[in-house]
There are 2 protein chains.
Amino acid sequence: MSELSAKAIVLLGDGAGDRPVPQLQGQTPLEAQATPALDEIAKGGECGLMDPIAPGIPAGSDTAHLSLLGYDPYTYYTGRGPFEARGIGMRVQAGDVAFRCNFATVDDDWTVLNRRAGRIKEKEGTPELAAAVNTAAGVIEGVQCAFKESVEHRGALVLHGEGLDPRVTDADPHTENSKVLEVRAEDPAAAKTARVVNHWIRRTYEALKDHPVNADRKWPANIVLPRGVGVAPHLKPFQAEHAMSGAMIVEVALIQGLGEYLEMDVIRVPGATGGYDTDEMAIAQAVVEAHASHDFVLCNIKCPDLGGHDGSWEKKQAAIAKLDRAAGYLLDHIDFDHTVMVVTADHSTPVAVKDHSGDPVAIVAYGVGTRPDDVSRYGERPCARGGLCRIRGVDVIRILSNLTGAQKKFGS
Amino acid sequence: MSELSAKAIVLLGDGAGDRPVPQLQGQTPLEAQATPALDEIAKGGECGLMDPIAPGIPAGSDTAHLSLLGYDPYTYYTGRGPFEARGIGMRVQAGDVAFRCNFATVDDDWTVLNRRAGRIKEKEGTPELAAAVNTAAGVIEGVQCAFKESVEHRGALVLHGEGLDPRVTDADPHTENSKVLEVRAEDPAAAKTARVVNHWIRRTYEALKDHPVNADRKWPANIVLPRGVGVAPHLKPFQAEHAMSGAMIVEVALIQGLGEYLEMDVIRVPGATGGYDTDEMAIAQAVVEAHASHDFVLCNIKCPDLGGHDGSWEKKQAAIAKLDRAAGYLLDHIDFDHTVMVVTADHSTPVAVKDHSGDPVAIVAYGVGTRPDDVSRYGERPCARGGLCRIRGVDVIRILSNLTGAQKKFGS
């Protein structure tokens, strides 16, 4: 921990931004939900709108967090696979090519019957399935193929060897009742990589189709489908980049992987499930603890995004209530005379869209050094009238490191 | 037309932005004029300020429209000449150099007596004059010199041949009672181009000075003066760039030429004169028709800009009343549950300046997916308090394509 004048926290409601919902009389879920803690923060802070990447651009979780951590995704984003792999403890070295994967269910003809093999419960046999895959397909054309299971039906594949190239397409057709796609090279230099991946997929099918773990499953996990290819990003560690020690408390492997790349302390909290049932108070307590020993803590509570993807404003409001309780705990347990906190979202996931969108999100900066404005409610439209006006994701960390004293003068 | 969740419209009042006018008690023409339709749109929409290029930068019509169509003019703008030429149906190929031109009146000594040859009425003899120019000066030093008349005193020149270079100066002195300027090469590589253009101008004088068409003219069109040099731009077609089919309804050849480059459907409306007398209802009807068959329609009504250039707030207000009537027709005939519309200006043309300026313009986004704010009047200062805050021209199309569903997620 450095000798700064203040510390910083970023609290994110994943996908919390939204559009007017007719059933909420044209309010957004954030505007409609009672959020006493977030309102108190808005009232005491400096509010605005934030475009995670740029106006109108729908951000992924990965690109949004890169941006919020001060790394312009147009410069630094090299694909999702490496973050996913790193998040579950795999190494991805320079020259490696990494994919995120799903266990899926196909018929004899490789038509995808269920893209998630029925959403496998927590590690229910997937370590055994992964071991079978690695035994059957550990090396292809001299390329080491390392596969590891993640949560539910997810996993990651890392290819390590000579002459690899990431310019290949997905095997996952992204819809059901479609055939598994042949992986194609988008550049001649990627021909070997495409061949290896296609070969690897065939071997996963051979290794899994009659595997005992699948015997009783309604949706046998009988194939592994790679997508989201990428190579190791070149990211300066967070502390070297921003002169603040950093901790990360998030619920998804993808963002944990980004934290590992940035050499932040990635803290995994028991009870933080990434689901609607997550223990937001355990997360808030972990933030307070991490705050004691770090200059900067980023925390993301995942469930508002799930409500958006599920198209349910009720679930999204319940998730926002959890975010509010976590925020309330931080209000009570953090010394804001020596801390500045930003509360915002990594992107909008409107219930009408059921996916990420490019709509800007509410943001508030609260605590030491901020200039409180006259906004008194947290939400997209109240915040739009605030003193921060409209900023971008990459601005956030600089605004914070300015207030913590970590930001160096440019010029003299 | 693609399978999007909504369609988009951009309605522009050309040059409609302004500064406070003392005779209007410090209001701008937009603020002072009664605009019931625009106010209804502001009331139901999300308002803000927009810098066509960047704060303080006075935009040309061409660079502003490039920007609003999502092409950063700092990257894509290669000069006005090619758009002007394309707009009147001329080809401009890679390697060609194109100029916009004026018919002008000079004395024996080549002092410019009237820069626009008295603003020639619609095609009054200019096709015959152009034919004479092309006969006299069709090929110079092996370079093909194609000239074509446009509206009023205007035209375009396209040079096609080996070794051309656009780094040459204008012949038009831009003021009267000054001598025609010798075209100079700003780089040695452009020496041949400068020589060809100077030679071509001399031949236009020789071909026109005693031409019968000029016999009865007070201001004989006895020379053609090139300016606004440029080369063919490299622009990805609009639909390929934005995943929306696009139509354009504008009144000036320059912007029509841009539309042709972008392979948009450029719709020419009978009665759309580009003048104060334009038939704004015919334009509005054409927008409604184009909207039925396209994902995106851009419409520009030219006359507010004329009021600015003429320094007349009365004429500008009358032109804004026309814009308002067109907007009212769209309100009545478009389904805004499935359409999002932006109403703004391509730039300010303050009556006090009589030219384009870098003042930001009012903007409102209205219709499906927008977050209505509490602004209830259209105009620079009412809109400045709205929920869009302050955006840039290049953001507009992304904000729209986010709401139509055409914008792809960046990252995952």
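Caption draft 1: Structural context of the packing of aromatic side chains. In total, this model carries 18 aromatic pairs over all chains according to the counting rule given. Its guanidinium or amino end placed over the ring of Y261(A), R86(A) lies 4.6 Å from that ring's centre, counting from NZ or CZ.

Caption draft 2: Summary view of the interface of chain B and chain A. In this complex, chain B contributes 21 residues to the contact, which on the side of chain A involves 35 residues. Interface of chain B and chain A: buried area, both sides summed, is about 2,100 Å²; carbon and sulfur atoms make up 54% of it. For chain B, the biggest contributors to the area lost against chain A are R371(B), F410(B) and S412(B); these three give 39% of the whole. Here D374(B) and R385(A) are joined by a salt bridge, their closest N and O atoms 3.4 Å apart. The interface formed by chain B and chain A contains 15 residue pairs in polar contact (both at pLDDT 80 or more).

Caption draft 3: Representation of the pattern of salt bridges in the model. The full count for this structure, using the stated rule, is 45 salt bridges over all chains. Of the charged contacts in the structure, one is a salt bridge between E152(A) and R119(A), with a shortest N-O distance of 3.3 Å. Here the residue E152(A) occupies a position in the loop between β6 (143-149) and β7 (154-160), and R119(A) occupies one in the loop between β4 (112-114) and α6 (126-136), the gap between them amounting to 33 residues. E152(A) gets classed as partly exposed once you look at its relative accessible area, which sits at 26%. Close ionic contact of D395(B) with R392(A) constitutes a salt bridge, the shortest N to O distance being 3.8 Å. Placement of the pair is D395(B) in helix α14 (residues 393-404) and R392(A) in strand β14 (residues 389-392), with the two residues belonging to separate chains. For R392(A), a relative accessible area of 32% gives the class partly exposed.

Caption draft 4: How the structure looks around the pairing of strand β3 (residues 97-106) of chain B. All names here are of chain B. Burial of β3 is extensive: 10 of the 10 residues sit out of reach of the surface. Of the two faces of β3, the one lined by V97, F99, C101, F103 and T105 and the one lined by A98, R100, N102, A104 and V106 are each fully buried. Pairing of β3 with strand β7 (residues 154-160), which is carried by six bridges, proceeds in the antiparallel orientation. Residue V97 lies in a different strand from β7, and its bridge partner there is L159. One ladder, built from six bridges, connects β3 with strand β8 (residues 223-230); its direction is antiparallel. Note that in β8 the partner of C101 across the bridge is P226. Between β3 and strand β4 (residues 112-114), which pair antiparallel in sequence order, lie five residues; one of them, W110, sits at a positive phi of approximately 65°.

Caption draft 5: Quick look at the pairing of strand β6 (residues 143-149) of chain B. Residues and elements named next belong to chain B. Of the two faces of β6, the one holding V143, C145, F147 and E149 is buried and the one holding Q144, A146 and K148 is not buried anywhere. Judged from the two bridges that link them, strand β5 (residues 139-140) and β6 form a sheet pairing that is antiparallel. Counted as the bridge partner of I140 is V143 from β6. Judged from the six bridges that link them, β6 and β7 form a sheet pairing that is antiparallel. What sits directly across from E149, in β7, is G155. Where β6 hands over to β7, the hairpin turn is made up of four residues, of which E152 adopts a positive phi near 50°.

Caption draft 6: Layout of the relation of the copies chain B and chain A. Rotating chain B by 124° about the axis while translating it 0.3 Å along that axis superimposes it on chain A, leaving an RMSD of 0.2 Å. The relationship between the two copies is best expressed as a three-fold rotation axis. The C-alpha atom lying nearest the rotation axis in chain B is that of C389(B); the distance is 3.6 Å. The residues that chain B uses at the interface reappear at the interface of chain A in only 10% of cases, marking distinct surfaces.

Caption draft 7: Up close: the domain arrangement of chain A. Residues and elements named next belong to chain A. Split into domains, chain A comes out as domain 1 (7-77 + 234-404) and domain 2 (83-230). Between the C-alpha centres of domain 1 and domain 2 there is a distance of 32 Å. The interface of domain 1 with domain 2 comprises 12 residues on the first partner and seven residues on the second. In total, domain 1 and domain 2 occlude about 820 Å² of area from one another, counting both sides; carbon and sulfur atoms represent 66% of this. On the domain 1 side of the interface with domain 2, the three residues burying the most area are A253, L254 and Y261, jointly 57% of the side's total. Applying the counting rule to domain 1 against domain 2 returns zero salt bridges. In this assembly, domain 1 and domain 2 are joined by two residue pairs in polar contact (both at pLDDT 80 or more). The element that contributes the greatest number of residues to the side of domain 1 that touches domain 2 is helix α9 (residues 253-261), accounting for seven residues. The residue makeup of the side of domain 1 that touches domain 2, split by class, is seven nonpolar, two polar and three charged.

Definitions and limits used
Residues numbered from 1 in each chain as written. Chains lettered and ligands numbered in written order. Predicted model: local features only at pLDDT ≥ 70, side-chain atom pairs only at ≥ 80, totals over all residues. Heavy atoms only, no water. Phe/Tyr/Trp six-rings, centres within 6.5 Å; stacked < 30°, edge-to-face > 60°. Lys NZ or Arg CZ within 6 Å of the ring centre and 35° of its normal. Contact = heavy atoms within 4.5 Å. Buried area = accessible area lost by both parts, 1.4 Å probe. Salt bridge = Lys/Arg side-chain N within 4 Å of Asp/Glu carboxyl O. Polar contact = N/O pair within 3.5 Å; in protein donor to acceptor, adjacent residues only side chain to side chain. Helix = DSSP H or I, 4+ residues; strand = E, 2+ residues; numbered from the N terminus. Buried < 20%, exposed > 50% of the residue type's maximum accessible area, 1.4 Å probe, protein only. Pairing = 2+ DSSP bridges. Least-squares fit on C-alpha atoms with pLDDT ≥ 70 in both. Domains from an automatic or database assignment. Nonpolar A, V, L, I, M, F, W, Y, C, P; charged D, E, K, R; others polar.

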